[in-house]
Amino acid sequence: MTQLPQSTDRKLGLVIDLDTCVGCHACVISCKGWNTENYGAALSDTDAYGPDVSGTFLNRVHSYEVKPETGPAQLIHFPKSCLHCEDAPCVTVCPTGASYKRTADGIVLVNEDACIGCGLCAWACPYGARELDATAGVMKKCTLCIDRIYNENLPEEDQIPACVRTCPAGARHFGDFADPNSNVSKLTAERGGMDLMPEQGTRPTNKYLPPRPKDCSGEINTLAPLLEPVATDGKGFVGWLDKMLSALPGGNA
Amino acid sequence: MSLDEPKIDLSPKVSDEIRKTTCYMCACRCGINVHMKDGKVAYIEGNRDHPVNRGVLCAKGSAGIMQVNAPSRLRAPMKRVGPRGSGEFEEISWDEALQIATDWLAPLRETAPEKLAFFTGRDQSQSFTSLWAQSYGTPNYAAHGGFCSVNMAAGGIYTMGGAFWEFGQPDWDHTKMFVLFGVAEDHDSNPIKIGIGQIKARGAKVVGVNPIRTGYNAVADDWYGITPGTDGLLILSLIHCLMKAGKVDLDYLAQFTNAACLVNEDPDSPENGLLLKDKDGKPQVIDRRTGKRAPWDGAGVEPDLSASYRYKGVTYRPVFHLMADKYLDEAYAPEAVAERTGISAGRIRQLAAEIAKVAFEEPVVLDREWTDFRGKTHKTMVGRPVSFHAMRGISAHSNGFQTARALHTLQILIGAVETPGGMRFKPPYPKPATAHPKPHCKVTPGKPLDGPHLGYPHGPADLCLTADGAPARIDKAFSWENPLSAHGLMHMVIANAHAGDPYKIDTLFLYMANMAWNSSMNTTGTMNMLTDKDESGEYVIPRIIYSDAYSSEMVAYADLILPDTTYLERHDCISLLDRPICEADAAADAIRWPVIEPDRDVRGFQSVLCELGAKLGLPAFINDDGSQKYADYADYITNHIRRPGIGPLSGWRMGDNGLQDGRGAPNEAQLDTYIKNGGFWLAHVPEEAAYYKPFNTAYQDWAVKLGFYDAPQPYIFQLYSEPMRRFQLAAMGHGDRQPPEHLRERILKAMEPLPIWYAPFEEGLVDTEAYPFHALTQRPMAMYHSWGSQNAWLRQLHGMNPLYIPTEIWKKRGFKPGDWAKVTSAHGEITVPAMEMQALNSKTAWTWNAIGKRQGAWALEGETSESSKGFLLNHLISELLPPRGDGMRWANSDPVTGQAAWFDLRVDINRADAPKASQPHHPPIKSPVPQAPKNLAWKTKS
Amino acid sequence: MHPAKSVIIFTTLSGIGFGMLFFIGLGMIVPEGLMAFIWFAIAYLFSVGGLIASTFHLKHPERALRAFTQWKTSWLSREGVLSVVALLVMAAYGAGLVFLKTRWAYVGYVGAILSLLTVFATSMIYAQLKTVPRWRDFSTPLMFLGYAGAGGSLMTGQVDYALALLALTGLLQLLNWMRGDGALGKSGSDIGTATGLGTAAQVRAFEPPHTGTNYLLKEMVYVVGRKHAGRLRILSLLMGIGLPILLLLAPFGHMLAALAIVSHIVGVFASRWLFFAQAEHVVGLYYGKR
C-alpha cells in the first residue's frame, strides 16, 4: 500500500554524526556485503572489472568543503542513505504498492516482488536514497537492516544495522525517535540534530549531527599566562632549575 | 484503514557457521567473523571479542569477499616464456617450480650466498622469512620498513624503547588531548578510529597537524596545515615555549630519563659528548641525597638534574643543561619558525599553551601504588594526559628521524610517556635499543649468517662493512650512508643491484612487493633496470623469483612466479616475535587459518619456504637426518622453538602441569585452541604493571614471565643519544672506524645527539624557485597500497585519483574544473587529472597513493580509469637526489636510517589540456590470469 | 534527468493520441464505418502505442498490471487507470460509430473528458515531483494539455482549433521554459540545505562517493550544454509551433497537412527531450552538479 501510515508505533532511524565521521566508507561496504547476501536481490555491479563499472550501493559517503567566514576551510565526510522519511514521497508515487512504510516501526521498504522498475520513486526522493539494480531490475534501498534488527538468529547486541555495528569511529547510531529517552533522541536534542533539505517537506526520520565548531583556539590570549617565561636562555634556565629542585622535598612525588 | 504490508521473515538464517580469523586487507590485523553458507564465504564482519577492533571493521575488511574471489588471483606457479615485462608465462607444476628455485639457489649458496637478495614487502612474517634468509647465509634481507616508516620506529626505539603504530598507543581511556602529526589512514587504522570517536564523545580535544585536512584531520577540533617537512621545527618550537616557561615535568625527567646523566664537555677528549660512565660502563648521575656520583639505576638513587661534575680535569654537565642551552635559543622561538612551518607564531604559542594546560593543570592521577627499579615506591600514578600519534607524514622525510626524536622529546619533557592519559607501549615493548640485536652481515658460503640481519647499531663498530670499509649489504644498510637503518633499505635494492654498487647480485627474490610499480621511486627507471641487459645479452639482474597472490604489475618482471594464497586460505601467525597485535593492557597474538581451501594450485608462501628450505638443506629447516623439518607453515608455527620455551605463538603452550602462557613446549593442539578462541590469545597486563612499564618492577617481572626477555630490563629514556654522538665522533676523526671523507660533514650535521631540524635535502639540491610547491600522497581508508583495484567493490570508491591542488595555486595558474595538470620535478614529469581543494596547505598538492594501475594488471579489462586517469606520483621521485657540486648523488633517504624520503618532493604545477590518458602511460602487459567476468551479482546460493 | 527514449515516445505519442480522442469524443469529427475505424485506429495507434512504449521503460513489464492498484496515491497509477478507462469508453463510442454507425454523444463526452484527464494525470507524474523544481509548476500540466490539444486538433483536421491551440501551446511552452529556468534557484534547495553545513556560498562538493558513474548520476544528473539546449528550443518552437501554423495558414493540401503534422511531432519530441534533459533533480546538489 502506498498510503502513508497516519502514525507509526515506533520511529526507527539513524543518527549520523558529522563531527565524528572520518570518511572510511566502512558503512558503505558492510551494507553492500550484508545486503547483497540478504534482503532481496543481490546488489550487482556491471562491468565490474572494466572501464565502465557501476554498482548498486544503498549507502554512500560524500565529502564537502566548508569555507567559514573566518578561519581555514573545513572538510566534512558525509554518509547518506535512506532517511526513512515520515512524509516519504517515494511511497506515494509508487504505482504498484511495492514501496511502503511500515506502521510498526516506520521503516520504508521495497517489496521487490511487486516492483516493476519504473524508477519513479527514485525520482521522487531528494536524497538519492534509491538505486535501481541493473541486473535485478528492482529498486534497492536501505532497509534499516530489517533482517537484522529483529533477527533472533543474531545475538542481541548485533540486532542493529550492519553499518552501525561496523562504524569504527562510532559515528552512526540506531534507535527509536519516538522514544524521547532513546540514544538517538538524546543525541538529537543535545547536539541539534538536523534534517536534510527540510524545505522538501519529507520530514526525514534520520538526523544529522552538525560538526562541532572547529579552529576556535585562534591566537593565544586567555592561556598566555601559562607560557610566562621563567628564563630567556640556558643559563637562566639552569638557575631556575636549581631553585625548583631545592624547593622540592628530599623525595620526588 | 489498515494498510496491508507484505509479510517479511524477520529472522532469516544468517549463516551456517561463523569462522573467526584475522583480516589481511591491511596491516591492522582486525579480528573477523567469516560467515559461511554452503562452505562459501557469505559475509565478513568484525569480531566483537577481538582486542584490536572489538567488532568494528573498515571498508577494506568488509570487502574481503571481493578480494578472495578476485579474478586477479594467480592460479598456478609460472615460468616466464616471453621477455621480462611482457607478461607471457606458462603455468608449471609446483615440483617444477621448486626444482627451478633449488637449481638456482643451491649452487649460489655454496659460492656466494650474498648474491641472493631476499626482500619481503607487505607481509608480516619477518621472524620467519628472516630465519630462512639467515639460514641461507645471505646478508641481504629486509622487509619494507625502509621505504615505509623506519624513521618513526627507529626514532622511537632509540629514544624510549618504543614508538607509535604497533609499539605504542594513546591512553584512550584517560587522554584529554590527542595530537596527530602526519597521519592519514596509517596504522593503527581501526583502533585510532575507535579511539577518536570515543574521546570526542567524552569531550577530549583532537588536534590534527597535517598539510591535508582529510580523514582524522577533518574531524580534528583544530587543524594545523603545516608545510611538509617542517613538523620537526614546529615541535622544537613547542619545546622552546614549554621549557622557557618551565612547563616540564622535572620529577619525571630526573627519574625516568637520561636528562640527569653527565656529558663530557672536554672538546679535546675522544669521549667528548659521551656520557660519564663507571668502570662497569654504567652511565652516572649525581645523587641528590649524597651529592656524589652514582649509577643511574643505583638503589634509592635520586638523580640530580642540576648538578655538574668535574672529574680528572673534565667538566661534565647534565644532559638537561645542554637541552636548555639548545632549545631556549631564539632560533626556536615561534616567530623564527612561523614562516617556514606556515603556522603563525600566535597559533604555535596557543598550541604550546594548550599542551601545558592539559598536562599540568588537568593531570590524571590514579591511586595506584607502584615500585620502580631503584626500589622506590610511588603512591600514585600521575599522568599528563596529552597523547600523540605520528606516522608517515613525519617519517617519510630526510629529516624524519630527528623529527620523530623531537616529538618523543616533547612527550617526555611533559611526562606523557607511560603515564595515565599519555602514550603507552604495547607488549613486548618497551624494549630499549640496547635490548635489540645488532645487525649481522658475516657471510660464510654454505653456512648460515652469523646472526640476525637487522638490528640497532650503537656506534661505528656495529656497522655492516666489509674489510675495506665498503657496505656489506646490497641495500647499503648499516653503512656510513645510513648507519641506523634498522629496517634496511628495500627501495635501493634494485637500483644498487643494477648499478653493481656495492656489487652485483645473482637472484632477486621478492615477496608481496610491487617494486615494478607503486613501491618504487622512479617507477619507469626501475622497470628498465629490471629489463636491462648487459653487453653479453643477459639481464643485469640475472634471476628474479617473485611470490604474490595477485596479478600485480611486478608479476610480469619475474622469471619464476610462486603463487600465494589469499588470507582466508592460509595459516599465518601474528606473533610476539614479529609484529603482534598487543594492546597497552594486554599481550596478544593471533593466527590466520584456512577458512576456505584454495580452489587453484597455490600454496602459502611460508609453506613453500619450508619445503624449499629443506631442499636447500638450510640448517633451520632440516632435521638432524636431513629430512624436512616443517611440513608446512602450520607445522612451523606449532613446533618452532626460537629460544628455550619460546615459539611463534604464546598462548596455550605445554607446561609441566598443563597448558601455560608465554613460555612452554610446543602443543600439538595449539592452533585448534586458537581457532576455538576466535583466532587470538590474550594475556592481561596486571593493573599494577599497566604504567611506567620501563621502570615498573611489576611490569618487568611480568614481561620475564611471559618470555619477552629473560631477565628484567629496566632502562631510562634516552633524550640524549649516545649512538648518534659516536658517529659524530668518528666523523670528527676519532676511533678506528671512520667514515669516508665525502660523508663526514653530513654525518656531523645530521647525527646530533639531541633532536634538531634541518631542511629536507631535496630543498637544498633543487631550484626551489623552479619547483616552489610540495607534492605528497596519502593512503586512502578504503584501499591498501596497490591492493584494492582488483576488488570489484572498492575500486568503485577509488577508481582514479586526481591531483588535489590548493585554491591559491588553482587560481594563480588559471585552472578550471575539468582541467588536467602538468607536474614537473627535478626527476620527471607527469600529466594528470586535477581538482581544487580548499582545506589544504596553500603550497602543497597531493593525491591518493597507488590508485593508478598499469593496463593489463589486476585482471582489469581494457582502458580502465585506473590506467587512463589514475597515476602514480612515484614517477616524479628518484631514489637518488640530484647531483651535488662534487657530482655525487646521495640516496633520496634519511641520512640516519635510510628511510625513503617520499614526501620531500618539490614540484611545479601548471595547467594542461587533457591528454588521452594520464602520463607517463605504459604499454599494457599481458594478463597472466583469465578474463574477469563482466557483471557480478554476488549472492551465495542457499 | 536522463531523457529515456521510451518515456519521450510515450508522452509525445500518447499525448497526441489522447488529444485526438478528445476531439473525436467531443464530436468535432463524426466518422462512420470504415473511416471511423481508420480514425480510431490512428488514435489508438498513438495512444496505445505510446502506452506500450512506456512499458519498455519498465524493468519488469510482466508485473505491469500491478501498476493499476495504487490510484489512491500514485499519479502513475491514476494515469494507468484513467488511460484504460478512457480507451474502453472511447472504444465503446468507436464501436458505435464503426459497427452501428451510431453516435452515443454522452459516451463520447465522457470519453473526451477521460482522455483529457489521462493527459493531465500523465503530466502530474512529473509535476508532482518537488525534487525537480523545473517540473513542479502549474505551467507543466497546462503545457502538456496544450500539446495534446494542439496535436489532437492537428491530427483531426480542426484548423481553427489547431491554430489557436498551437499559439497557446507555444506561449505555454515559453512560460514553462522561463519559469523552469529559475525554478531551482527559487526552490530553496541548494547545497547548503542539502547538507546542512552552511550557506550555498560556503559549501562545496569535494570528493564524490564513487569515482565512476552510478544509477543516480546516469538517471538524474544529466547535463546538456546551454548552447545545445538553446538550439533545440528554437528548433522545437519552429518545428512544433511555427511551421505548423504557417502551413495551416496556407490553403489546405494533404501534403502540407501531413507536413504540418510531421513537423509538429518532431517539435514535440524535441520539446519533450529537453523537458527531461534540462530537468535538474535536487539530488545533483549532493554531487555538486548545480
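Because the structure is a prediction, the values reported are computed rather than measured.

So, about the sheet that holds strand β1 (residues 17–22) of chain B. Either a parallel or an antiparallel arrangement is found when strands of a sheet pair, and the pairing is made through backbone hydrogen bonds. Residue and element names in this part refer to chain B. The sheet built from 3 strands is open, its strands ordered β1-β2-β3 with antiparallel pairing. The two strands at the open ends of the sheet, each matched to only one other strand, are β1 and β3 (40–46). Strand-to-strand twist across the sheet, computed as the mean angle between neighbouring axes with direction ignored, equals 30°. As defined by bridge partners, strand β2 (residues 31–37) adjoins β3 across 6 bridges and the pair is classed as antiparallel. Across the sheet, residue isoleucine 32 finds its bridge partner in β3, namely glycine 46.

A separate point is the packing of aromatic side chains. Residues and elements named next belong to chain B. This model, assessed by the stated rule, comprises 71 aromatic pairs over all chains. In textbook terms, an aromatic cluster arises when at least three aromatic residues are bridged by ring pairs, as seen for Tyr252, Phe256, Trp296, Trp370, Phe373, Tyr692, Phe695, Tyr715 and Phe717. Its guanidinium or amino end placed over the ring of tyrosine 784, arginine 122 lies 5.5 Å from that ring's centre, counting from NZ or CZ. The ring of tryptophan 890 is capped by arginine 746, whose NZ or CZ atom sits 4.3 Å from the centre of that ring.

All names here are of chain C. At a closest axis distance of 8 Å, the pairing of helix α1 (residues 5–25) and helix α4 (residues 105–127) adopts a crossing angle of 155°. Regarding the angle of α1 to α4, the classification is roughly antiparallel. When the axes of α1 and α4 are compared, the crossing they make is left-handed. On the side of α1, the interface is formed by Val7, Phe10, Thr11, Gly15, Phe18, Leu21, Phe22 and Gly25, while α4 contributes Ala105, Gly108, Tyr109, Ala112, Ser115, Leu116, Thr118, Val119, Thr122 and Tyr126.

Our focus in this paragraph is helix α2 (residues 33–55) of chain C. Residues and elements named next belong to chain C. Helix length check: α2 (23 residues) gives 32 Å between terminal C-alpha atoms against 33 Å at 1.5 Å per residue, within 8%. Within the sequence span of α2, burial applies to Gly33, Ala36, Phe40, Ala43, Tyr44, Phe46, Ser47, Gly50, Leu51, Ala53 and Ser54. Structurally, α2 contributes buried residues whose contacts are with α1, α3 (75–99), α5 (139–155) and α11 (254–277).

Turning our eyes to something else, we now look at the interface of chain B and chain A. Listed as interface residues are 103 residues of chain B and, on the opposing side, 101 residues of chain A. Counting each side, the surface lost to burial between chain B and chain A is near 8,500 Å², with a carbon and sulfur contribution of 57%. The tally of links between chain B and chain A comes to 8 salt bridges. The salt bridge partner of Asp47(A) is Lys934(B), with a shortest N-O separation of 3.0 Å.

Let us look at the domain arrangement of chain B. Residue and element names in this part refer to chain B. Here chain B is partitioned into domain 1 (78–151 + 434–568), domain 2 (720–753) and domain 3 (763–912). Computed over C-alpha atoms, the centres of domain 2 and domain 3 are 35 Å apart. The interface is formed by 6 residues belonging to domain 2 together with 5 residues belonging to domain 3. Summing the contributions of domain 2 and of domain 3, the shared interface buries around 540 Å²; its carbon and sulfur component is 71%. Among the residues domain 2 hides against domain 3, the three largest losses belong to His742, Arg746 and Ala750. Together they make up 78% of the total. Across the contact surface, domain 2 and domain 3 share 0 salt bridges. Where domain 2 touches domain 3, the interface holds 0 residue pairs in polar contact (both at pLDDT 80 or more). A per-element tally of the side of domain 2 that touches domain 3 places helix α21 (residues 741–750) first, with 4 residues. Residues that form the side of domain 2 that touches domain 3 fall into these classes: 4 nonpolar, 1 polar and 1 charged.

Moving on: the interface of chain B and chain C. Across the contact, 13 residues belong to chain B and 8 residues belong to chain C. In total, about 830 Å² of surface goes out of reach between chain B and chain C, with carbon and sulfur atoms giving 51% of it. Our count for the contact surface shared by chain B and chain C stands at 1 salt bridge. Glu836(B) is the salt-bridge partner of Arg204(C), the closest N and O atoms lying 4.0 Å from each other. Within the residue set of the side of chain B that touches chain C, elements represented by two or more residues are α23 (794–797) and β34 (829–837) of chain B.

Below, the discussion takes up the nonpolar core. Grouped together as the largest cluster of nonpolar side chains are 454 residues, with contacts concentrated most on Trp132(B), Met243(B) and Phe320(B). Broken down by element, the residue count for this core peaks at 11 residues, all from α1(C). Setting aside its immediate chain neighbours within four residues, Phe320(B) contacts Phe237(A), Leu241(A), Met243(B), Val248(B), Leu250(B), Leu253(B), Ala259(B), Leu305(B) and Leu413(B). Counting residues in hydrophobic clusters, the runner-up holds 8 residues, among them Cys464(B), Ala477(B), Phe478(B) and Met492(B).

Now for the environment of Glu69(A). All names here are of chain A. The topology assignment puts glutamate 69 in the loop between β4 (59–66) and β5 (74–81). Among the residues examined, glutamate 69 registers a relative accessible area of 74% and is labelled exposed. As for glutamate 69 and glutamate 228, which are separated by 159 residues in sequence, their C-alpha atoms are 32 Å apart.

Residues and elements named next belong to chain C. In a regular helix each residue adds 1.5 Å, so 24 residues correspond to 34 Å; helix α10 (residues 226–249) covers 33 Å between its end C-alpha atoms and thus fits that length. At leucine 238, α10 shows its largest bend, some 40°. The complete set of buried residues in α10 reads Ala229, Leu232, Arg233, Ser236, Gly240, Ile241, Pro244, Ile245, Leu247 and Leu248. Against the buried residues of α10 lie α5, α6 (159–181) and α11.

The next thing to look at is the side chain of Ser552(B). Residue and element names in this part refer to chain B. Considering the arrangement of structural elements, one finds serine 552 in the loop between β24 (543–548) and β25 (560–563). For serine 552, the side chain forms a polar contact with the side chain of aspartate 548, separated by 2.9 Å. Residues in contact with serine 552, not counting those within four places in the same chain, are Asn514, Tyr546, Ala857 and Trp858.

All names here are of chain C. There is a patch of nonpolar side chains on the surface, built from Leu34, Met35, Phe37 and Ile38 and spanning about 420 Å² of accessible area. Counting through the fold element by element, leucine 34 comes out in helix α2. On the basis of relative accessible area, leucine 34 is assigned to the exposed category, the value being 63%.

This paragraph deals with the environment of Pro267(B). Checked against the element boundaries, Pro267(B) lands in the loop between β12 (262–264) and β13 (284–286). For the pair Pro267(B) and Val314(B), spaced 47 residues apart in sequence, the C-alpha to C-alpha distance is 9.5 Å.

Tyr429(B) connects to Pro430(B) through a cis peptide bond whose omega is 15°. Tracing the backbone through its elements, the reader meets Pro430(B) in the loop between β22 (423–425) and α14 (493–499). The omega torsion of the bond from Gln919(B) to Pro920(B) falls at 0°, within 30 degrees of zero and hence cis. Turning to its location among the elements, Pro920(B) is positioned in the segment after β36 (906–912). Here Asp47(A), not a glycine, exhibits a phi torsion of approximately 50°, which is positive. Secondary-structure assignment places Asp47(A) in the loop between β2 (45–46) and β3 (54–55). We classify Asp47(A) as buried; its relative accessible area is 12%.

Definitions and limits used
- Residues numbered from 1 in each chain as written.
- Chains lettered and ligands numbered in written order.
- Predicted model: local features only at pLDDT ≥ 70, side-chain atom pairs only at ≥ 80, totals over all residues.
- Heavy atoms only, no water.
- Pairing = 2+ DSSP bridges.
- Helix = DSSP H or I, 4+ residues; strand = E, 2+ residues; numbered from the N terminus.
- Axes fitted to C-alpha atoms, helices over the stretch in contact; angles between N-to-C directions.
- Phe/Tyr/Trp six-rings, centres within 6.5 Å; stacked < 30°, edge-to-face > 60°.
- Lys NZ or Arg CZ within 6 Å of the ring centre and 35° of its normal.
- Parallel < 35°, antiparallel > 145°, perpendicular 65-115°, else oblique.
- Left-handed = near helix turned anticlockwise from the far one by under 90°.
- Contact = heavy atoms within 4.5 Å.
- Expected span 1.5 Å × (residues − 1).
- Buried < 20%, exposed > 50% of the residue type's maximum accessible area, 1.4 Å probe, protein only.
- Buried area = accessible area lost by both parts, 1.4 Å probe.
- Salt bridge = Lys/Arg side-chain N within 4 Å of Asp/Glu carboxyl O.
- Domains from an automatic or database assignment.
- Polar contact = N/O pair within 3.5 Å; in protein donor to acceptor, adjacent residues only side chain to side chain.
- Nonpolar A, V, L, I, M, F, W, Y, C, P; charged D, E, K, R; others polar.
- Core = buried A, V, L, I, M, F, W, Y, C linked by side-chain atoms within 4.5 Å.
- Bend = angle between axes of the 7 residues up to and from the residue.
- Patch = residues over 30% accessible without salt bridge, like charges linked within 9 Å, V, L, I, M, F, W, Y side chains within 5 Å.
- Areas by Shrake-Rupley, 256 points an atom, 1.4 Å probe, with all protein chains shown as cover.

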